[in-house]
Amino acid sequence: MKGKKLVKKVKAEVKHIFITDEVFWKNEVDANMMLAKILVFSAVVLLITNALNYIGIYKIPQQFLSAATVQGLFELLIPAGLCYGFKGQKRWLKWLMIIMLTFVYARVYTAISYRTAILMVLPVLISCRYYSRRLTQIVAVITTVVFLLGSVFSKSLGSVDMNNVTVASASEVTVSVKTILLRSFLPSYILFWIAVIAAYNIAYKGRKMILEQDEISQNQSKVDTELSMAKQIQERALPIIPDLPKHDEYELSASMSTAKAVGGDFYDLMFVDDTHLAIVIADVSGKGVPAALYMMVSKILLATRIMSGGSPKEILEDVNNQLCDKKMESMFVTVWLGIIDINTGHVISANAGHEYPIIRRKDSHFEIFKDKHGLVLGGLENIKYKESEFDLAPGDTLYLYTDGVPEANNNKGELLTIDGALDILNRHREKSVEDLLDRMKEEIDNYANGAEQFDDITMVAFHMNKLVKE
């Protein structure tokens, strides 16, 4: 019973070392294919080395290098071929390729009798491609054993007889094993382990970096998904114009383009009663998620208060105090609120730090209407707002916008400005309100000329067709 437990424990430990090691399995196939390419490259180097030796550039005994080349080619190309055959998908491939590569380097090292730590360290450095510290340790031990045996057996053979060839014995020269170890093996061995320690740390930091990057990537993907959902929620919170009660007296259109995944601008359209249409356009300070959350709060508070009745100034005053009570530090919102009597065209509005509205009279040009400004909502409690009044006659158009329109910039850093916006509006003044907003956005994009949109762009256009009561 104890024997079975011991066997089971040994199997589990072997599995842990060779299979469930700290290997970043996501890169396993790529790593195997990379190692197969190195084996093929090493085979090409062996052939070139043998050719150079043949024409006399290398002073190496022909029987040593030829045998190393022939046997080495088999040991390099067979594992590489298996890797290509299995498309790098077998976990045992890395062990086969690394071990064979280690022995081939050992054979070449002993055949040419040239001490170089680089050849010994290559397998260790290759193992780092797997971002596994344990793999680095195991390969280092295998490499150490190979070269230790090579140094010891060279005492009696003159060279490690790993090529199955007859070599000249070094017995004529009396050299102790101690001398061989101290003068031949130890210097390279010390350099080798310096490189192993470096490789060990590279493996550790490399794997840690990859894992952290993978975690960041997963988190970013999650954030992107959540932002996409937030954007959908935000867009669906905006009113859909076709859902408004149908009236022949006016045409209405609105659009919003956010600079980030979610925006801080919003508009709202609602009938207070059968003949009074409330239009809200607003811009929250800041960008991104905080602005989007503040936008939703502001929109709900404004909509609820508008439906409760009252004048624009009263509505803004109440909502301002509610936002100040919530004490959302450094957050505020600019708002333009107008209530239009669609029977008479009479408009009563209040402005909390928002852009001036733009009005086009029939057969005329778009011009700024400088209404009475007040402080932004959420800035200071108990602020009093003033109202402005004007009339829209048949053929007149009211254009509302956020600061993303005049502050749109091109790739030279130049702003569109309010004059530039007026120029675009006037070039398309005969368009329907829907086409007008489409042309505005199109021309703003053309002006940007590829420059990143810095601010949200929100627009509302209202056109009076006719009056019920003149």
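I will try to describe carefully the structure that is included in this document. Since the structure is predicted, the reported quantities are computational estimates derived from the model, not experimental observations.

## Notes on the side chain of His463
Residue position: His463 is located in strand E11 (residues 457-464). Within polar-contact distance, the side chain of His463 engages the backbone oxygen of Asp396 at 3.2 Å. Residues within four places of His463 in sequence aside, it is in contact with Glu249, Tyr250, Glu251, Gly395, Asp396, Thr397 and Val433.

## Focus: the nonpolar core
Grouped together as the largest cluster of nonpolar side chains are 27 residues, with contacts concentrated most on Leu302, Leu316, Val333, Val335 and Leu377. Listed by contribution, the elements that provide at least two residues to this core are strand E2 (265-271), strand E3 (276-284), helix H8 (288-307), helix H9 (312-326), strand E4 (333-341) and strand E5 (346-352). Looking at this core element by element, the count peaks at seven residues for H8. Apart from the residues lying within four places of it in its own chain, the contact partners of Leu302 are Phe266, Val280, Ile315, Leu316, Val319, Val335 and Leu377. The next biggest cluster of nonpolar side chains, apart from the first, holds 23 residues, and it includes Leu252, Phe390, Leu392 and Leu400.

## Observations concerning the pairing of E3
Strand residues, when the strand is regular, have side chains that alternate between the two faces of the sheet. Within E3, eight of the nine residues are buried, which leaves it mostly tucked inside the rest of the structure. As paired elements, E2 and E3 share seven bridges and run antiparallel to each other. Bridge assignment links Asp268 to a residue of E3, and that residue is Val280. From the end of E2 to the start of E3, which pair antiparallel, there are four residues. As defined by bridge partners, E3 adjoins E4 across nine bridges and the pair is classed as antiparallel. Considered in E4, the bridge of Ile279 is made with Gly338.

## Some remarks on the environment of Met440
With respect to the helices and strands, Met440 occurs in helix H11 (residues 433-448). By relative accessible area, which is 0% here, Met440 ends up buried. The spatial distance from the C-alpha of Met440 to the C-alpha of Leu425 is 6.9 Å, given a sequence separation of 15 residues. The contact partners of Met440, leaving out residues within four places of it in the chain, are Tyr399, Val405, Ala421, Ile424, Leu425 and Met459.

## A look at H11
Residues spaced three or four apart along an α-helix point in a common direction, a consequence of the helix completing one turn every 3.6 residues. The end-to-end C-alpha separation of H11 is 23 Å, in line with the 22 Å expected for 16 residues at 1.5 Å each. Along H11, the residues that are buried comprise Val433, Leu436, Leu437, Met440, Ile444 and Ala448. Buried positions in H11, seen along its axis, are confined to an arc of 105 degrees and lie on one side of it. Exposed side of H11, more than 90 degrees from the buried face: Glu434 and Asn446 are the residues found there.

## Observations regarding the packing of aromatic side chains
In total, this model carries five aromatic pairs according to the counting rule given. Residues Tyr250 and Phe271 carry aromatic rings whose centres are separated by 6.4 Å and whose planes lie at 45 degrees to one another, so their mutual orientation is tilted. Taken together, the residues span a long stretch of sequence, with Tyr250 in strand E1 (residues 250-257) and Phe271 in strand E2 at a distance of 21 residues. Here the two residues Tyr250 and Phe271 agree in accessibility, since each one is buried. Ring centres 5.5 Å apart and planes at 15 degrees place the aromatic pair Tyr399 and Tyr401 in the stacked group. This pair shows no difference in class: Tyr399 is buried, exactly as Tyr401 is.

## Description of the pattern of salt bridges
The final tally for this structure, using the stated rule, is nine salt bridges. A salt bridge links Glu317 to Lys313; the shortest N-O distance between them is 3.1 Å. On the criterion of helical spacing, the pair formed by Glu317 and Lys313 is a turn pair, its members being four residues apart in helix H9. Two residues, Arg427 and Glu443, come together in a salt bridge whose shortest N-O distance is 2.3 Å. With Arg427 in helix H10 (residues 417-427) and Glu443 in helix H11, the pair connects residues that are 16 residues apart, well separated along the chain.

## Some points on the pairing of E5
Along E5, five of the seven residues are buried, which leaves the element largely enclosed by surrounding structure. Where E4 and E5 come together, six bridges link them in antiparallel fashion. Bridge pairing links Trp336 to Asn351 in E5. Counting the residues in the hairpin turn of E4 and E5 gives four residues, including Gly345, whose phi is positive at 80 degrees.

## Things to note about the sheet that holds E1
Judged by pairing direction, the sheet is antiparallel, and its five strands sit side by side in the order E1-E11-E10-E6-E7 without closing on themselves. In this open sheet, the two strands that pair with only one neighbour each are E1 and strand E7 (366-368). Across the sheet, the mean angle from the axis of one strand to that of its neighbour is 20 degrees, orientation sign disregarded. In terms of strand pairing, strand E10 (residues 397-401) meets E11 through five bridges, oriented antiparallel. If you follow Leu398 over to E11, its bridge partner there is Phe462. Sitting on the sheet, H10 is in contact with strand E6 (358-360), E7 and E10, with an inclination near 155 degrees to E7.

## Focus: the packing of H8 against H9
At their nearest, the axes of H8 and H9 sit 10 Å apart, and the two run at 140 degrees to each other. As judged from the angle between their axes, H8 and H9 are oblique. Helix-helix and strand crossings are classified by hand; for H8 and H9 the assignment is right-handed. Residue-level contacts link Tyr294, Val297, Ser298, Leu301, Leu302, Arg305 and Ile306 of H8 to Glu314, Ile315, Leu316, Asp318, Val319, Gln322, Leu323 and Lys326 of H9.

Parameters at a glance
- Sequence order sets the numbering: in each chain, residues are counted from 1 along the sequence as written.
- Residue-level local features of this predicted model are given only where pLDDT is at least 70; pairs of side-chain atoms are given and counted only at 80 or more, and the full residue set underlies all totals for whole chains, interfaces and linings.
- In computing side-chain values, all of the structure's heavy atoms are included and hydrogens and water are not.
- Helix numbers and strand numbers start at the N terminus; a helix is a DSSP run of H or I with at least 4 residues, a strand a run of E with at least 2.
- Counted as a polar contact is a pair of N or O atoms within 3.5 Å, where, for protein atoms, one must be capable of donating a hydrogen and the other of accepting one, and residues adjacent in sequence contribute only when both atoms are in side chains.
- In what follows, residue pairs with any heavy atoms lying within 4.5 Å of each other are defined as contacts.
- The set of buried Ala, Val, Leu, Ile, Met, Phe, Trp, Tyr and Cys residues whose side-chain atoms join them within 4.5 Å is what this entry labels a nonpolar core.
- Categorising residues by exposure relies on relative accessible area from a 1.4 Å probe, with only protein chains included: less than 20% of the type maximum marks a residue as buried, more than 50% marks it as exposed, and the intermediate range marks it as partly exposed.
- Strands pair, by our definition, only if DSSP identifies at least two bridges between them.
- Each residue after the first adds 1.5 Å to the expected span of a helix.
- By arc we mean the arc of the directions from the helix axis to the C-beta atoms, nothing more.
- Pairing of aromatic side chains here covers Phe, Tyr and the six-membered ring of Trp, requires ring centres within 6.5 Å, and sorts the geometry by plane angle: under 30 degrees stacked, over 60 edge-to-face, intermediate tilted.
- Salt bridges are identified by distance alone: a Lys or Arg side-chain nitrogen within 4 Å of an Asp or Glu carboxyl oxygen.
- Note on geometry: axes are C-alpha line fits, over the in-contact stretch for helices, and angles between N-to-C directions span 0 to 180 degrees.
- Here the angle decides the label: under 35 degrees means roughly parallel, over 145 means roughly antiparallel, 65 to 115 means roughly perpendicular, and every other value means oblique.
- Crossing handedness is read from the near helix: turned anticlockwise from the far helix by less than a right angle, it gives a left-handed crossing, and turned clockwise, a right-handed one.

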